[in-house]
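Read off the chains here:
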Amino acid sequence: MCGIVGYVGNKPTQPILLRALKKLEYRGYDSAGIAVLDRGISIHKDTGRVEILERSAPMFSGVIGIGHTRWATHGEPTKVNAHPHVDCTGKLAVVHNGVITNYQQLKEELIREGHKFLSETDTEVIPHLIEKYYAGDLETAVTETLPRLKGSYAIAVIAKTENRMVVAKNGSPLVIGLGTNENIVASDIPPLLEYTNRVIYLDDGEIGIITKDTVKISKSGREITKSISVVDWKIDDVEKGGYDHFMLKEIHEQPNVIRKAIINYDPSLTPMVGGDFWGNKGGKGLLILACGTSYHAGLVAKYAIEELMDIPVLVEFASEVNHRERVIPAANAIVLTQSGETADVLVSMKKLKAANCSILAITNVRGSSASRLANKTLYTQAGPELSVAATKSFIAQLMELYKLILLQPVVNEGLRQQLISDLRLMPNYAQQILDNESHISDCAMYLSQYSNLFYIGRGINYGIALEGALKIKEISYIHAEGFAAGELKHGPFALLQKDTPVVAIVNQDSTYDAMLTNIKEVKSRKSPVIALIREDDHETEKLVDMIIRVPNTHSMSSPIVNTITLQLLAYYAAKYRGCPIDFPRNLAKSVTVE
Ligand code: BG6
C-alpha cells in the first residue's frame, strides 16, 4: 500500500506535497516522488524516506501537483519504479495506490501499439492507457481508461495544458479535502487537516474532477452529489507533540483514550447488537475476523464472550477466510480493523455479506471502507494513529469490546458490575504502568541484547502473549514468538536455552498454578524469565529473573495493563537497538492490497 496526494490551489505546491507525503509515510516509505504542473510537468523521484526526496529535489514552480510515498508491490524500490509514472510524451503523470491485476496483458497490448515502458510496475500502464484515450480532455480519457483496469486503485492524474486534477477510486481509500481557493486529495485524513476538516469520501467507481475552486464527482459518466463530512481530528493529533516517536506519544495517550471510552458509558443502554446477533447457544456461533494486532484483540474478545456469554466464537485471519471454498458457517461476524482499509478484511467482508452474514465493524476511522461495508459500525475513539505498530487503537478496540459484551443481558450481573467498576478505574491503572516506564525500559535494555525471545500467556492473556511478541518483532527486529504457555512442552521447548529469554504474563486467575509450573519448566532449561506479575503476587517473584508489576485489575480486564507494559517493553528494546520505530522496514500501517 502507498500514500498518494494531490493539490490544486494558488500556493506553490511542492512544499505542500512534501509536507503531506510526510503525514502519509506510515502507509509506505521505501521510495517517493512528486510531479508539479507549470508550463510542463516536472518530476522528481528518489528512494527512501520523503526527507531524502525533499533534500534531493530541485525547486519546481507550479500550483498544481501530485505526490506519492511507496510500499513496493511490483518492482523493487528504485527511482525508476517510484511514482509518479508518465506516458510516452510526458504530458500526463499518475500516482497510484493499489494493484492493477491485469497490467501484464495491458502492457503487452500497449507495447504492440508502440508504447515504451520504463519501469517494472503495474501502475505504469495507467498513464499509457490514458494517453491512448486522450483527445484533449483528461476527464474523458480517465473515464474511458478505468473500465480497462482490473484490481484496486486510488489514482490522481495531472496533464499538461489542464489546470485541474482528475482522481478516481476502486478499492483503495481516497478522500478530498475542501479548502478555500484550494483543494487537496489524499489516501487518508492526516495531510488534509492543515487545510480543512470538511471532506468528501470517494466511493468505488467514482471520479473527482478538481480545480482550485470546484470539485465535481461523477459516476458512470453522470455527475452525482456527495455528502460532506466534518472530521473531528485536529492538526495536533497528527503531530509528535514533543515525543521522539509517534509510537511513544500514542502509548502515552492511552489513559485518555480509555477515559474517553468509559466516561459516558451507561450500562443500561440498549446495545448496538442484541441477542440474535451473537448466534444461538449450540447453534451457529459468532465469527471474529481481523489481521495483525486487531486479530489479537479478537482472541481476547473470544475468551470474554465465551466466558461471559457462553457463546462459541471463531476467530479467523481475514486473509485465510478470503480463499476458502466454503464461507465459514457463522451466524454473524464482528470485524476488527483499526484503519478500516485493510484489503484482506474488506475482501472477506464482501464474501460474508454475500453469504447473508450480518457484520458489525469495530474501526477507528470514520468513513473508512469497512464502516461503509458493514451493517453496523462501532467506532473506537483512539484518534489518528500514525505509528505503524498499533498501540492505542488496540486498547480502544478492547474497551469497545468489553463495553459491548457488558451491555448484553445474559452477562452475570455481579460480574458485570465488578468489570464495569474495573474499567472505570482503568485510566489510572494505565497511568500506573506509564509511571513505571523507567523500570520497564531497564528490562527492555536487558531484552534488547538477545535475538530470540518467547512470550507466554494463558487464558485471556494468550492473545496478549502473541501481541507482545508481534510488537517486539515489528519494531525491534528481534525474532519473538508468542505461545499458549501450556504448548511450550509440546515442541518449542527444543529452542529454549540460556540466551532465549521468556516473557511470561502471570495472571492470578484459574491459570495461575499452571503458569507457575510452566515457568519452573522453562527455568529448568536455563532460559531467563521476565514475568509480568500483579502487585500482590509474591510467589512468582521467587522463580524468575526479573519482574514487572502490573496493577491488580480484574483478571478479565488484565489484557489492558499487560499490553501497555509489553508495548513499552518493545518500544524501549527497539530504541536501544536504534531501530526506526515509527517506520519499521517492510511494513505499512494498513495494507490495502491483498
Ligand atoms: C498491518 C499493521 O499492516 O495491519 C498492523 O502494520 C495492523 O499494525 C494490521 O495491526 C491490521 O490493520 P487494521 O487496520 O486492519 O487493524
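Just above sits the structure.
Right, let's walk through the structure included here.

Basis of the calculations
Residues numbered from 1 in each chain as written. Predicted model: local features only at pLDDT ≥ 70, side-chain atom pairs only at ≥ 80, totals over all residues. Heavy atoms only, no water. Phe/Tyr/Trp six-rings, centres within 6.5 Å; stacked < 30°, edge-to-face > 60°. Helix = DSSP H or I, 4+ residues; strand = E, 2+ residues; numbered from the N terminus. Buried < 20%, exposed > 50% of the residue type's maximum accessible area, 1.4 Å probe, protein only. Lys NZ or Arg CZ within 6 Å of the ring centre and 35° of its normal. Contact = heavy atoms within 4.5 Å. Disulfide = S-S within 2.5 Å. Pairing = 2+ DSSP bridges. Axes fitted to C-alpha atoms, helices over the stretch in contact; angles between N-to-C directions.

## Let's talk about the packing of aromatic side chains
Move 1: Under the counting rule described, the total for this entry stands at six aromatic pairs.
Move 2: Ring centres of Y29 and F583 lie 5.1 Å apart, and the angle between their planes is 65 degrees; on these two criteria the pair is classed as edge-to-face. Taken together, the residues Y29 in the loop between α1 (13-22) and β2 (31-37) and F583 in the segment after α18 (558-576) connect sequence positions 554 residues apart. Each member of the pair, Y29 as well as F583, carries the same accessibility label: buried.
Move 3: A ring pair is formed by Y571 and Y572, whose centres lie 4.9 Å apart and whose planes are at 90 degrees; its orientation type is edge-to-face.
Move 4: We note R366 situated over the ring of Y379; from NZ or CZ to the ring centre the distance is 4.2 Å.
Move 5: Here R585 stacks its cationic end above the ring of Y477, 3.7 Å away from the centre of that ring.

## With respect to the side chain of T553
Move 1: Among the structural elements, T553 can be located in the loop between β25 (546-550) and α18.
Move 2: Non-local contacts of T553, meaning those with residues more than four positions away in its chain, are made with D422, M426, Y429, R534, S558 and V561.

## Observations regarding the state of the cysteines
Move 1: Throughout the structure, instances matching the rule amount to zero disulfides.
Move 2: Counting only cysteine sulfurs, C579 is the nearest neighbor of C443, a cysteine outside any disulfide, at a range of 18 Å.

## Focus on the sheet that holds strand β21 (residues 452-457)
Move 1: Spatially, five strands are ordered β22-β21-β23-β24-β25 in an open sheet, and the strand pairing comes out parallel. With partners counted over all chains shown, the strands left at the sheet margins are β22 (479-484) and β25, one partner each. For this sheet the average axis-to-axis angle between neighbouring strands, irrespective of direction, equals 20 degrees.
Move 2: Where β21 and strand β23 (residues 502-505) come together, three bridges link them in parallel fashion. Across the sheet, the residue bridging to Y455 is V503, located in β23.

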